[in-house]
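Listed below are the residues making up each chain.
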There are 2 protein chains.
Amino acid sequence: MEIHNFSAGPCILPPEVMQEASQAVLDFNGMGLSLIEISHRSKEFVAVMEEARSLVKSLLGLPERFDVLFLQGGASLGFLTAAYNFLPEGGAAAYVDTGTWANKAIKEAKHAGTAHVIGSSKATNYDRIPSLDAVPSGSAYLHYTSNNTIFGTQFAAAPASSVPLIADMSSDIFSRTFDPEAYQLIYAGAQKNMGPAGTVMYAFDRDAIGKTGRTIPSYLDLAVHASKDSMFNTPPVFPIYVSMLTMRWMQSMGGVQAMELRNERKANLIYQEIDRNGLFEGHATVDSRSTMNATFRLKDEAHAAAFDGLWKGAGINGLKGHRSVGGYRASMYNALPETSVQVLVDVMQELERTH
Amino acid sequence: MEIHNFSAGPCILPPEVMQEASQAVLDFNGMGLSLIEISHRSKEFVAVMEEARSLVKSLLGLPERFDVLFLQGGASLGFLTAAYNFLPEGGAAAYVDTGTWANKAIKEAKHAGTAHVIGSSKATNYDRIPSLDAVPSGSAYLHYTSNNTIFGTQFAAAPASSVPLIADMSSDIFSRTFDPEAYQLIYAGAQKNMGPAGTVMYAFDRDAIGKTGRTIPSYLDLAVHASKDSMFNTPPVFPIYVSMLTMRWMQSMGGVQAMELRNERKANLIYQEIDRNGLFEGHATVDSRSTMNATFRLKDEAHAAAFDGLWKGAGINGLKGHRSVGGYRASMYNALPETSVQVLVDVMQELERTH
């Protein structure tokens, strides 16, 4: 039976990427060696790293002033790295509180300085992108989480800001086009649209780093990694390779613009059904809905067993909501086919017909 | 042609591990899903993580007081993590300078306190394990690098110490038995004997952490990771899975004791030839020789082209020495078969016969 993988991340990747990754574990590029047993300094892997860095730049249309790195530690270490590299010693930055991950970013920023929270939707269990206060003067940057995987909310556009932007785009990078001009740093754990778990991408303005007055430990210093072309230490070879393959796939499909159209179609399909079907209701407010993660629940929990039976029977995987929201979460990352969303809509309609 | 992979790391892993890893990328455990597209919180991956943590404990014979984590950032971030978690605020620790990686550990420790260097072999280009001064009183621990990949030196035994030991065992963990009683922390990047690049293992005394008086950023705090069973954030799924498979393989081969016997046989084979063959000389002094990385050079560089032609023609890969030492480096990690070392010895003898 075909499986429809709605997992929130790590998540579905294109089948052709899986095939090529599987083959590379046995024999990479006809070398007679596995990808994972060659030196990271071999010309074959250096070419992978360079293509991965270059694909980020071309897919996102980054200006020349941006450097791209593939490091480790996920966005969780990225929260600290962002603040260490861009928040001046004794300084402050503005943050938006849109849920679990935004909170973690705020917590780590406090190791570097003051984090002004200029908007929060905590009072309504993060069901929306909050309206924002003005960025306090003296703030080094405005940090936000572009998509909130757990709550199913997403910034419709970058927030207006008088200072440079820093965004954690872990769960919606490469899902839609955006203008990178206003950003100082974009970072994203790979394990949604980019690739498997185990690497985190940093794209940043190389002219903006090195100005905090802080002595930064080596692994947390973007300048150290940039000076070594993302090879300061042994990089996570397999996660970077599979990310490179996934970015090649995006490019072959028409790039981020094509992904955006595909993602809009999928999101429309599920949200139209959530709004139409009397048995369900969405968690996120309509204007804050995420195209990546649709959060919804049954109006009557008495139907849960029947609905769970239906979607599991249809080959759907990973639909259970996060414990902080409950209900269901349909994660529809780039590689999820529209047909999978249609299968989910069909079982929602089947539940309606039979209950 | 069979390839003999002497790469210094990432390096050779057992062929059966490659087969199983390749299959898991297509279909993991018959789930109909790839290992890299399932949730890290699925029961299937939680079982992998738990087996990996448990295999470290059983293979190393760790006392009950030890916790085991699989994190990211390599030993390069481990240098900082070790100091942040075990060096008290305003305190000091003792370090041994045995080369490049030891130096990096010392550099990062200075972000946490004072690093007393109690021995160094820098003056002789790190060709030996130095004799050590007494650990200065007030030192929190003694840190050493058990094997020095670049220079081909290795501590024959743990240094005698009046304080707990911390060891970076990245390049010789699981290669030989040792008594873990004296250690507070053992850490090791996976990409030699443990698995592919992309994860780093920490084994530490859970009673010894949380005592530095320091507020530690979350990702660098071992207590944070331990409280979440190594799932504080999304772990590097594939590198941990392949590490688990490699540890299963070690166990099936007879555990670390069997690896040690195998590694001694391989090391004897190559060092006997280096000592016997008039065309070659070793870099490391005899009593400091590593069983993992044999560093040697031609006495007469005029033979380099001929020797390079011979070993490349025999299917040998990754024999070039590190730029800081020059010459050749034969890395003979656990998974390298004795037959590969014999092939290298054969071409060294062939060079002698023909030149």
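Residues numbered from 1 in each chain as written. Chains lettered and ligands numbered in written order. Predicted model: local features only at pLDDT ≥ 70, side-chain atom pairs only at ≥ 80, totals over all residues.

Quick look at the environment of H225(A)
All names here are of chain A. Looking at the secondary structure, you find H225 in helix 5 (residues 222–227). Spatially, the C-alpha atoms of H225 and I150 are 31 Å apart, while their sequence positions differ by 75 residues. Residues in contact with H225, not counting those within four places in the same chain, are L69, L71, S230 and F232. (Helix = DSSP H or I, 4+ residues; strand = E, 2+ residues; numbered from the N terminus. Contact = placed C-beta atoms within 7 Å.)

Re the nonpolar core
The biggest cluster of nonpolar side chains holds 222 residues, and the ones touching the most others in it are Y241(A) and Y241(B). When residues no more than four places from it in sequence are discounted, the contact partners of Y241(B) are A21(B), A24(B), L35(B) and V48(B). (Core = buried A, V, L, I, M, F, W, Y, C linked by C-beta atoms within 7 Å. Buried ≥ 20, exposed ≤ 12 C-beta atoms within 10 Å, placed from the backbone.)

Looking at the interface of chain A and chain B
At the junction of the two partners, chain A supplies 48 residues and chain B supplies 48 residues. The set of elements that each furnish at least two residues to the side of chain A that touches chain B consists of helix 1 (15–26), helix 3 (74–86) and helix 6 (237–252) of chain A. Ranked by residue count, the leading element in the side of chain A that touches chain B is helix 1 of chain A, at 5 residues. Residue classes in the side of chain A that touches chain B are distributed as 26 nonpolar, 20 polar and 2 charged. (Nonpolar A, V, L, I, M, F, W, Y, C, P; charged D, E, K, R; others polar.)

A short note on helix 9 (residues 338–354) of chain A
Because an α-helix completes one turn every 3.6 residues, residues spaced three or four positions apart along the sequence face the same direction. Residues and elements named next belong to chain A. Between its first and last C-alpha, helix 9 extends 25 Å over 17 residues, near the 24 Å set by a 1.5 Å rise per residue. Within the sequence span of helix 9, burial applies to S340, V341, L344, V347 and M348. Each buried residue of helix 9 sits inside an arc of 120° when the element is viewed along its axis, so together they form one side. Relative to its buried face, helix 9 has exposed residues pointing more than 90 degrees away, namely T339, R353 and T354. Looking at the buried positions of helix 9, the neighbouring elements they touch are strand 1 (4–5), helix 7 (255–276), strand 11 (280–282), helix 8 (304–313), strand 13 (316–317) and strand 14 (328–331). (Expected span 1.5 Å × (residues − 1). Arc of directions from axis to C-beta.)

Brief notes about the relation of the copies chain A and chain B
Turning chain A through 180° and shifting it by 0.0 Å along the axis lays it on chain B, with an RMSD of 0.0 Å. Interpreted geometrically, this transformation is the action of a two-fold axis. Of every C-alpha in chain A, the one belonging to S22(A) sits nearest the axis of rotation, 2.3 Å from it. Both copies present the same face, since 100% of the interface residues in chain A are matched by interface residues at the equivalent positions in chain B. (Least-squares fit on C-alpha atoms with pLDDT ≥ 70 in both.)

As for the packing of helix 8 (residues 304–313) of chain B against helix 9 (residues 338–354) of chain B
Two measures define how a pair of helices packs: the angle their axes make with one another and the distance between the axes. Residues and elements named next belong to chain B. Across the interface, helix 8 lies against helix 9 with an axial gap of 9 Å and an inter-helix angle of 145°. Between helix 8 and helix 9 lies a crossing of right-handed hand. Contacts from A306, F307, L310 and W311 of helix 8 reach helix 9 at L344, V347, E350 and L351. Looking at the contact of helix 8 with helix 9 residue by residue, the classes come out as 7 nonpolar, no polar and 1 charged. (Axes fitted to C-alpha atoms, helices over the stretch in contact; angles between N-to-C directions. Left-handed = near helix turned anticlockwise from the far one by under 90°.)

Structural notes on the sheet that holds strand 11 of chain A
Residue and element names in this part refer to chain A. Reading across the sheet, the 3 strands line up as 11-12-14 and stay open at both edges, with antiparallel pairing between neighbours. In this open sheet, the two edge strands, each paired with only one partner strand, are strand 11 and strand 14. The sheet shows a mean angle of 35° between the axes of neighbouring strands, direction not considered. Note: strand 12 (residues 293–298) against strand 14, 4 bridges, orientation antiparallel. Residue pairing for strand 14: F296 is matched across the bridge by Y328. Taken strand by strand, helix 7 contacts strand 11, strand 12 and strand 14, and its axis lies near 20° from that of strand 12. (Pairing = 2+ DSSP bridges.)

Some details on the sheet that holds strand 8 (residues 165–168) of chain B
Residues and elements named next belong to chain B. The mixed open sheet is built from 7 strands, whose spatial order is 2-10-9-8-5-3-4. Whereas interior strands pair on both sides, the edge strands pair on one side only; in this sheet they are strand 2 (66–71) and strand 4 (114–120). With direction set aside, neighbouring strand axes in the sheet form an average angle of 20°. Alignment of strand 8 against strand 9 (residues 183–189), held across 4 bridges, turns out to be parallel. Directly across from A167, in strand 9, lies its bridge partner I186. Sheet contacts for helix 3 (residues 74–86): strand 5 (139–145), strand 8, strand 9 and strand 10 (200–205); angle to strand 9, the most-contacted strand, approximately 160°.

So, helix 4 (residues 100–109) of chain B
Residues and elements named next belong to chain B. Within helix 4, 7 of the 10 residues are buried, which leaves the element mostly enclosed by the surrounding structure. Of all the residues in helix 4, the buried ones are W101, A102, K104, A105, I106, E108 and A109. Elements in contact with the buried residues of helix 4: helix 3, strand 3 (92–97), strand 4, strand 5, strand 6 (147–148) and strand 8.

Describing the pairing of strand 5 (residues 139–145) of chain A
Residues and elements named next belong to chain A. Most of strand 5 is tucked away, with 7 of its 7 residues classed as buried. Pairing between strand 3 (residues 92–97) and strand 5: 3 bridges, direction parallel. Residue pairing in the sheet places Y95 in a bridge with H143 of strand 5. Pairing geometry for strand 5 and strand 8 (residues 165–168), over 4 bridges, is parallel. Within the sheet, the bridge partner assigned to T145 lies in strand 8 and is D168.

Quick notes on the packing of helix 7 of chain A against helix 9 of chain A
Residues and elements named next belong to chain A. Here helix 7 crosses helix 9 at 5°, and the two axes come no closer than 9 Å. By the angle class used here, helix 7 and helix 9 are roughly parallel. Each of R265, K266, L269, I270 and E273 in helix 7 lies in contact with helix 9, whose residues at this interface are E338, V341, Q342, L344, V345 and M348. For the contact of helix 7 with helix 9, the residue count by class is 6 nonpolar, 1 polar and 4 charged. (Parallel < 35°, antiparallel > 145°, perpendicular 65-115°, else oblique.)

Remarks on the domain arrangement of chain A
Residues and elements named next belong to chain A. For chain A, the assigned domains read domain 1 (15–252) and domain 2 (255–354). One C-alpha centre belongs to domain 1, the other to domain 2, and the line joining them spans 27 Å. Contact residues are listed per partner, giving 24 residues for domain 1 and 24 residues for domain 2. When residues of the side of domain 1 that touches domain 2 are traced back to their parent elements, those giving at least two are strand 6 (147–148), strand 7 (153–154) and helix 6. Of the residues contributing to the side of domain 1 that touches domain 2, the split by class is 7 nonpolar, 12 polar and 5 charged. (Domains from an automatic or database assignment.)

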